[in-house]
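Below are the chains, spelled out letter by letter.
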Amino acid sequence: MRITFCQGVLAVAIAVNLLILHYISSLQQRLLQHHRDHPHHGSRPLLCPPLKPGLTVLIREFEDFENYIPDVVRSFLKQDPELNIVVAADRLPYPPMLLPNAPNIHVVLLKPSPDRPAYEFKPETYVRTEYVALVPDGVKADTATAQLEQMLEEFRSSQTKVEMVAAPVRSPAPLRCLNLKVSLKEWTAEYMPAPPASRLCTALTGEAVVLLRTKDFFNLSRPLARPLLTSLFVQTSLRGWAVRVLDVSFSLLHQPLLTSAHNQWKADNLAKANRLRLFQDFGLKRVILEDGKEQWFGCSKETPRCFGTIHDDTPEYLYQNRWTPPCCLRALRETAKYVINILETSGVRYWLEGGTLLGAARHQDIIPWDYDVDLGVYLEDIPNCELLRNAESGSVVDEKGFVWEKAIEGDFYRVQYSEHNHLHVDLWPFYPKNGLMTKDTWMDHRQDIEFPEHFLKPLVPVPFAGFLALAPNDLRGFLELKFGEGAIEKPEYPNPAMKSLEKGS
Ligand SMILES: *[C@@H]1O[C@H](CO)[C@@H](O)[C@H](O)[C@H]1NC(C)=O
């Protein structure tokens, strides 16, 4: 048989096509095979495989310079050699920590290194079990009692709904059950003692091993912030979670944990610094302890005012759905009391004005979201007060550190809490004219209007911010003239067009 040139070309073309087809199909086969072998490619930790039953021990609270983590780890491995243990440190511990080299033991560094992927620095990459137990330094697991298993068992079979269980550590700081109330709006955390023998708490003090669901723990805002338990309970109490104290307990490897007074002092200082940073990060400026003592974080005479310049009468904290920081309210009360005392002793007639008077009428205090205090004064009385007289020619720092000045914004006076902290009381001078109280500088505010002098005749004392201050008679008439009907009963933010109380809370 003879083959034409055309037939030859056709045959070659078919052969080439078949070859290409074979090549493509084998390539697909290989790709499929690769997918089967490496189901998650390079992004394995991002596509989280489901959590395995059981628990992981997570150790976070320890110091570099002296710790017993290797002993803690060994004691838990004695209970269960397969136990997953994760040690989380901000950076590589130094001096080095000599841990057993095993696939179930991980040290996670939380500070990322620029040459490594982010998931390596996330503890959730290594905690792949359904439960996680937070274990403090120095804790000894007991082979005979198998405490972790007991905790897990009790958690699973728990009748009352709790999100966490805790086992006390027998240490010099005994475990105490507390109730914690956190109000971000008021920048406040309040610890209260729980009823005696109470086992159901919203916070704990002292040392404990705490067990919770891994998915709950890593769904917190900052699961690993230190001090670990302080941070944990602030976050969990905001979510309405509870912790149940179990009968199971742990002992310490040895007591005291730190061998020298110097190291103890170092550890105490670091704990204090961590606590300060934690409350600052969480925006908690006032902490009331279970014994009633108060701790304040931020705002003093030495710090700047803790909110910036105010735009549209709406301070920045209102946009954060928060009210005036309690330390600012305290400083405003203190400044108001101080200024009013000076006005009274030097013979300057004054009265609570504007929003300040509204606060006095509503709840005998500064409105919880207000940012300054306003007083009206008789212009003709100004020369009676030496500090106001002197303020005419520049700002004056008085003997108590308050700053008196003529405001640059217009014809009024301002007394600042301190040179650094510009929280202030404003003094607005009015003068009588044809039976009306008037002035020369007007602000673009509804309440900044003339009013009949009879409201000031006489002035009447009202309770305000913990003392008695003078106010116009017929409080309601005066306030409704200035703010409109129902002003006392209907609270509203200063500029509802920007941020309104209803929508914002
Ligand atoms: C994580 O927390 C948020 C709010 O705190 C909640 O709505 C969500 O259901 C939680 N997710 C899981 C997986 O628990």
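Residues numbered from 1 in each chain as written. Predicted model: local features only at pLDDT ≥ 70, side-chain atom pairs only at ≥ 80, totals over all residues. Heavy atoms only, no water.

Undergrad: Explain the state of the cysteines to me, and be specific about the residues and the numbers.
TA: Considering all chains together, one arrives at 1 disulfide under this definition. The partner cysteine of Cys 177 in its disulfide is Cys 201, sulfur to sulfur 2.0 Å. When the S-S torsion is -120°, as for the bridge of Cys 177 with Cys 201, the disulfide is left-handed. Within this pair, whereas Cys 177 is found in strand E7 (residues 176-183), its partner Cys 201 is found in strand E9 (residues 200-201), the two being separated by 24 residues in sequence. Residue classification places Cys 177 among the buried positions, given a relative accessible area of 17%. (Disulfide = S-S within 2.5 Å. Helix = DSSP H or I, 4+ residues; strand = E, 2+ residues; numbered from the N terminus. Buried < 20%, exposed > 50% of the residue type's maximum accessible area, 1.4 Å probe, protein only.)

Undergrad: Describe helix H9 (residues 354-363), naming the residues involved and giving the relevant values.
TA: Among the 10 residues in H9, 7 count as buried, and that is most of the element. Those residues of H9 lying buried are Gly 354, Gly 355, Thr 356, Leu 357, Leu 358, Gly 359 and Ala 360.

Undergrad: Residue-level account of the side chain of Lys 499, with values.
TA: Note on placement: Lys 499 falls in the loop between helix H11 (475-483) and helix H12 (501-504). Buried and unpaired, Lys 499 has Glu 492 as its nearest opposite-charge partner, separated by 9.6 Å. In this structure the side chain of Lys 499 is engaged in a polar contact, spanning 3.0 Å, whose partner is the side chain of Asn 321. (Lys, Arg positive; Asp, Glu negative; His and termini not counted. Salt bridge = Lys/Arg side-chain N within 4 Å of Asp/Glu carboxyl O. Polar contact = N/O pair within 3.5 Å; in protein donor to acceptor, adjacent residues only side chain to side chain.)

Undergrad: Please provide a residue-by-residue account of helix H3 (residues 147-156), values included.
TA: Looking only at H3, the buried set comprises Gln 147, Leu 148, Met 151, Leu 152 and Phe 155. Buried residues of H3, viewed axially, fall in a sector of 135°; they line one side. Residues of H3 that are exposed and point over 90 degrees away from its buried face: Glu 149 and Glu 153. (Arc of directions from axis to C-beta.)

Undergrad: An account of the UniProt feature "domain: LicD/FKTN/FKRP nucleotidyltransferase" (unreviewed entry) in the protein is requested, with residue identities and associated values reported.
TA: The sites that UniProt annotates as "domain: LicD/FKTN/FKRP nucleotidyltransferase" (unreviewed entry) are residues 346-381. Between the C-alpha atoms that bound residues 346-381 there is a distance of 9 Å. The span itself is 31% helix and 25% strand. (UniProt positions renumbered as here; feature names shortened; annotations may be inferred.)

Undergrad: Could you give an account of the pattern of salt bridges, with specific residues and numbers?
TA: A pair can form between side chains of opposite charge whenever their charged atoms are brought close. One pass over the full model with this rule turns up 23 salt bridges. We note a salt bridge from Glu 61 to Arg 226, for which the minimum N-O separation is 2.7 Å. Note that Glu 61 is positioned in the loop between strand E1 (52-59) and helix H2 (69-79) and Arg 226 in the loop between helix H4 (214-217) and helix H5 (228-238), a separation of 165 residues in sequence. Across the pair Lys 293 and Asp 291 runs a salt bridge whose closest N-O atoms are separated by 3.4 Å. Asp 291 shares its class with Lys 293; the two are exposed. Via salt bridges that share partners, Glu 61, Glu 63 and Arg 226 belong to a single interconnected network.

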